[in-house]
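Fold and geometry: a report
The lines below spell out each chain.
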Amino acid sequence: MQYIYKYPSPIGGITIASDGSSLTGLWLDGQKYFAASLSPEHEEKALPIFKQTEEWLNCYFNGENPDFMPDIHLEGTPFRLSVWEILRKIPYGEIITYKDIAKEIADKKGLPSMSTQAVGNAVGHNPISIIIPCHRVVGCNGSLTGYAGGISKKIKLLTLEQVDITNLFIPKNK
């Protein structure tokens, strides 16, 4: 059984999911792939993991770097799991590019290169937004592209973390 909890954040509603003990999903309401890993049979319930996640989010939205992490359970392909693991290691207040992630995966696999499009797809399907910080990934040319929650929310999250976004830009086709 899966369980959900609604969190009212400063950037809009957030739906949090759990398997009963670990965090399995965190989506900004209305984002692309919203609740993609959530079972149609779920119920709203107060759980300790939701309290811990709420404490993490409260700390984060107060402009602090939380010094703890809720227990997370991810399911996905080995490729997606490897991308999400890289996302988890992006430091608070810093950004990397899709190309950086592709290079890291290619290096680990001993490959000459890796598709940045495949990386972008995996980043976009990150089931635990904010806590697994996919908002910290930008295009290699500094473009603020590819955030399932929307570019305006990506900007708000980066600004909250005091990332200097003055040299980043929104592509004209967005």
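See the structure shown above.
Below, the structure is looked at part by part. On a predicted model such as this, the values are computed, not experimentally measured, just so you know. (Residues numbered from 1 in each chain as written. Predicted model: local features only at pLDDT ≥ 70, side-chain atom pairs only at ≥ 80, totals over all residues. Heavy atoms only, no water.)

All chains considered together, the criterion is met by 5 aromatic pairs. Seen from their ring centres, Y5 and F50 are 5.6 Å apart, and the 20° between their planes marks the pair as stacked. Here the residue Y5 occupies a position in strand β1 (residues 2–9), and F50 occupies one in helix α1 (residues 48–61), the gap between them amounting to 45 residues. With relative accessibility at 1%, the residue F50 sits in the buried group. Seen from their ring centres, Y60 and Y92 are 6.1 Å apart, and the 85° between their planes marks the pair as edge-to-face. Pair noted here: Y60 is in helix α1 and Y92 is in the loop between α2 (78–88) and β5 (96–97), with a separation of 32 residues, a long-range link. (Phe/Tyr/Trp six-rings, centres within 6.5 Å; stacked < 30°, edge-to-face > 60°. Helix = DSSP H or I, 4+ residues; strand = E, 2+ residues; numbered from the N terminus. Buried < 20%, exposed > 50% of the residue type's maximum accessible area, 1.4 Å probe, protein only.)

Ranked by internal contacts, the top residues of the largest apolar core, which has 39 residues, are F61, L87, I101 and I130. Listed by contribution, the elements that provide at least two residues to this core are β1, β2 (12–18), β3 (23–28), α1, α2, α3 (98–109) and α4 (116–124). Residue contributions to this core peak at 6 residues, all from α1. Counting 6 residues, the second-largest nonpolar core is a separate cluster that includes V138, L144, L158 and L168. (Core = buried A, V, L, I, M, F, W, Y, C linked by side-chain atoms within 4.5 Å.)

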